[in-house]
Amino acid sequence: MRVGHGTSVAAGAVTRIWCLRHGHARNIETGAAGALPEAPLTALGRRQVAAAARELAGERPAQVYASPARRARQTAAALGPAVTVLPGLAEVGVGAAEGSTDPAVLVRTAEVLRSWVVAKDLAPRVADGEDGHTVVARVRGAFEAVAHAHPGGTVALVGHVASLTAGLSALCGLGAEIWGAPLPPAVPFLVCWDGVRWSCSAWPTG
């Protein structure tokens, strides 16, 4: 099991957070870079989300958390009746490159994320966008807020490929072993907080 450290909440009370990337969305279709908060789910994405909802039905999450992006909120709405938006879960901002489909921008985006996850160098950024320190700090804050609110409980959380990867890499001590395995759309995976450590026992591969 891969583990990382965090601040203590309630020792012995394991909080189970079923995480997933949103379903297939318009920005994936177009290959556009950035947070793109208004990009909606596609028909494929809605089918993927319905499958994820069936998979998680037996878990009965007490609360569903989502990034502010439309595609994340649409995904979360299918998973449970109570959805709370957490701004810290937003996708990585790429500044002036937002919405670009330039292949060079997409290559740079991958290079920056690799630096954060594999090399553990959080300084690089895409254009004038967020650096890794900013992204990791806000994702960490979101996960810690969820853990504090639900000690010993089970919840679901919907985020994005780059920000979840960067944040969980730091929280759970993940690195090169997950590089090359980008989070697939709408595939749930479990992240746990036991009051001392964060853990992610299985990274989804599709």
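See the structure shown above.
Bear in mind that the values here come from a model prediction, so they are computed numbers and not experimental data. Note on numbering: residues in each chain are counted from 1, in written sequence order. Only residues with pLDDT of at least 70 are given local features in this predicted model, and only at 80 or more are side-chain atom pairs given and counted; all residues enter the totals for whole chains, interfaces and linings. Side-chain measures were taken over the full set of non-hydrogen atoms in the model, leaving aside hydrogen atoms and water.

**Remarks on unusual backbone geometry**
Here's step 1: One non-glycine residue, K120, adopts positive backbone phi at about 60°.
Here's step 2: A positive phi is found at A186, a non-glycine position, where the angle reads about 55°.
Here's step 3: Mapped onto the fold, A186 is located in the loop between α6 (161-172) and β6 (189-193).
Here's step 4: A simple rule labels every residue: compare its accessible area, found with a 1.4 Å probe on the protein chains alone, to the largest value its type can have, and call it buried under 20%, exposed over 50%, or partly exposed in between. Overall, the relative accessible area of 7% leaves A186 in the buried class. Helix numbers and strand numbers start at the N terminus; a helix is a DSSP run of H or I with at least 4 residues, a strand a run of E with at least 2.

**Some remarks on the environment of A145**
Here's step 1: Following the sequence through the fold, A145 ends up in helix α5 (residues 132-149).
Here's step 2: A residue is classified by how much of its surface remains accessible, and A145, at 41% relative accessible area, is partly exposed.
Here's step 3: As for A145 and L86, which are separated by 59 residues in sequence, their C-alpha atoms are 9.4 Å apart.

**Looking at the packing of aromatic side chains**
Here's step 1: Within 6.5 Å between ring centres, the rings of Phe, Tyr and Trp (the latter by its six-membered ring) count as paired, and their orientation is classed by plane angle as stacked under 30 degrees, edge-to-face over 60, tilted in between. Per the counting criterion, the structure on display carries three aromatic pairs.
Here's step 2: Relative to W198, the ring of F143 lies with its centre 5.7 Å away and its plane at 85°, an arrangement referred to as edge-to-face. Linking F143 in helix α5 with W198 in strand β7 (residues 197-200), this pair joins segments that are 55 residues apart in sequence. Each member of the pair F143 and W198 is classed as buried.
Here's step 3: With a centroid separation of 5.4 Å and an interplanar angle of 55°, the aromatic rings of F189 and W203 are classed as tilted. Separated by 14 residues along the polypeptide, F189 in strand β6 and W203 in the segment after β7 bring together distant segments of the chain.

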